[in-house]
Amino acid sequence: MASPTTSHSSAPPDHDPAAAARSVAIIMDGNGRWAAARSLPVAEGHREGARALRRTVEAAIDLGVDSLAVYAFSTENWSRPPDEVESIMELMDETIDRELPDLARQGVRTRFFGRRDRVPALLRDKMATLEVETAANERLHLWIAFDYGGRAELVEAARRVVEDGLEVEDVSEEALAARLFAPELPDPDLVIRTSGEQRVSNFLLWQSAYAEFVFTDTLWPDFGEDELRAALDEYARRGRRFGAR
Ligand code: IPE
Ligand code: IPE
Ligand code: MG
């Protein structure tokens, strides 16, 4: 999309501040509080959260989003009670079986990013299978951050730089970016966090350098098309500068 001719900004043309957000990331937070408010087990909150994910992906397609990255499980979430961690692993498994194939039929390409060495082997295989099965889909790129942490990602990228034997002068932003968990993941234009918390919690530390942030009090299981549309509208009112005058 072209920049307005009146703009003196040196921002790249695809970051026209008046343009719609094409790359969106969501910190899907508030499942526990949603369940607690209903005296339900926390697993029910996560289950309802999976439904919200499906709704939101479908809304994102309708609203012209190209890339949607969602934070499903962090490197720190392993510290939760074992029952809860187990329920999240099971739910991811079920989501791959029940929700994601439907989304695939709607043209969604799904990829997972994060550490793969700690996820149960069967789940890891399912993730890989879904990635292969949806590889040709182009309508929306869904990126699911699972056992993901921004710091772990940067440590891993640094290790790869060393393993690849780069010379000091070849260590650049491009060299690091090419060694992230998902080098093809576009930098988010917009990061949304639900549940009223206003923090980044180790999500996309590198990629969100110039992202716009929208925080909403809505708990993730209650999120859907209206909330996504509101966040995109808020984004459209922002002026991005990328450090330029
Ligand atoms: C987000 O909801 C889902 C994960 C972190 C896996 P939470 O489970 O963090 O919900 P709250 O923050 O406790 O309400
Ligand atoms: C961030 O939420 C991780 C996910 C949404 C998967 P958390 O609930 O884990 O983050 P904190 O503990 O509130 O910072
Ligand atoms: Mg939380």
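Note that the structure is a prediction, hence the values are computed from the model and not measured.

So, on to the site of ligand 1. Looking at ligand 1, the residues that line it are Met 28, Asp 29, Gly 30, Asn 31, Gly 32, Arg 33, His 46, Ala 72, Asn 77, Arg 80, Glu 84 and Ile 88. In isolation ligand 1 exposes 380 Å². Once the protein is present, 83% of that is buried. The cavity where ligand 1 resides is the largest pocket. At the level of elements, helix H1 (31-37) and helix H3 (82-98) are the ones that each hand at least two residues to the shell around ligand 1.

With that settled, the discussion passes to the side chain of Thr 134. Structurally, Thr 134 is set in the loop between helix H5 (121-133) and strand E4 (140-148). Taking the relative accessible area as the measure of exposure, Thr 134 reaches 2% and is therefore buried. Not counting residues up to four positions away in its chain, the partners in contact with Thr 134 are Ala 104, Val 108, Arg 109 and Thr 110.

What follows covers unusual backbone geometry. As a rule of thumb, non-glycine residues mostly have phi less than zero, and peptide bonds are mostly trans rather than cis. Located in the positive-phi region is Asp 147, a residue other than glycine, with phi close to 50 degrees. Inspection of the secondary structure puts Asp 147 in strand E4. Although it is not a glycine, Leu 204 sits at a positive phi angle of roughly 45 degrees.

It is the contact of helix H2 (residues 42-62) with H3, at a shortest axis distance of 10 Å, that shows an interaxial angle of 30 degrees. Judged by the inter-axis angle, H2 sits roughly parallel to H3. Where H2 crosses over H3, the handedness of that crossing is right-handed. Residues Val 42, Ala 43, His 46, Arg 47, Ala 50 and Arg 54 of H2 form the contact with H3, whose participating residues are Glu 84, Ser 87, Ile 88, Leu 91, Glu 94, Thr 95 and Arg 98.

This paragraph deals with the packing of aromatic side chains. Enumeration over the complete set of coordinates arrives at eleven aromatic pairs. Pairing Tyr 210 with Phe 242 gives two aromatic rings, centres 5.6 Å apart and planes at 45 degrees, and the pair type is tilted. In this pair, Tyr 210 is assigned in the loop between strand E5 (190-193) and strand E6 (212-215) and Phe 242 in the segment after helix H8 (225-236), connecting sequence segments 32 residues apart. Residue class for Phe 242 comes out partly exposed when judged on its relative accessible area of 24%. Three or more aromatic residues joined by ring pairs make a cluster, and in this case those are Tyr 71, Phe 113, Trp 143, Tyr 148, Phe 181 and Phe 203.

How each quantity is defined
Throughout, a residue's number is its position along its own chain's written sequence, starting from 1. Chains and ligands are labelled by the order in which they are written, letters from A for the one and numbers from 1 for the other. The model is predicted, so local features are restricted to residues of pLDDT at least 70 and side-chain atom pairs to those at 80 or more, both for listing and for counting; the totals for chains, interfaces and linings are taken over all residues. Calculated side-chain values reflect all of the structure's heavy atoms, with hydrogen atoms and water omitted. In these notes, residues near a molecule or strand are those with any non-hydrogen atom within 4 Å of it. Each accessible area is a Shrake-Rupley estimate made with a 1.4 Å probe; only the visible protein chains count as cover when residues are assessed. Of the two site types, the cavity is a set of points on a 1 Å grid over the protein atoms alone where a 1.4 Å probe fits but cannot get out, and the pocket is an open set with protein on both sides within 12 Å along at least five of seven lines, each lined by residues with an atom within 4 Å of a point. A pocket or cavity is taken to hold a molecule when more than half of that molecule's atoms are within 2 Å of the pocket's grid points. Counting from the N terminus, the helices are the DSSP runs of H or I reaching at least four residues and the strands are the DSSP runs of E reaching at least two. Relative accessibility under 20% of the residue-type maximum defines a buried residue, over 50% an exposed one, and the middle range a partly exposed one, all with a 1.4 Å probe and only protein chains included. We call two residues contacting when some pair of their heavy atoms lies within 4.5 Å. As a rule, the C-alpha atoms of each element are fitted with a line to give its axis, helices using only the stretch in contact, and angles between N-to-C directions run from 0 to 180 degrees. Throughout this description, any angle smaller than 35 degrees is read as roughly parallel, any larger than 145 degrees as roughly antiparallel, any in the 65 to 115 degree range as roughly perpendicular, and the remainder as oblique. Helix crossings are classified by the rotation of the near helix relative to the far one: an anticlockwise turn of less than a right angle makes the crossing left-handed, while a clockwise turn makes it right-handed. Pairing of aromatic rings covers Phe, Tyr and the six-membered ring of Trp, with a centre-to-centre limit of 6.5 Å; geometry is then stacked below 30 degrees between planes, edge-to-face above 60, and tilted otherwise.

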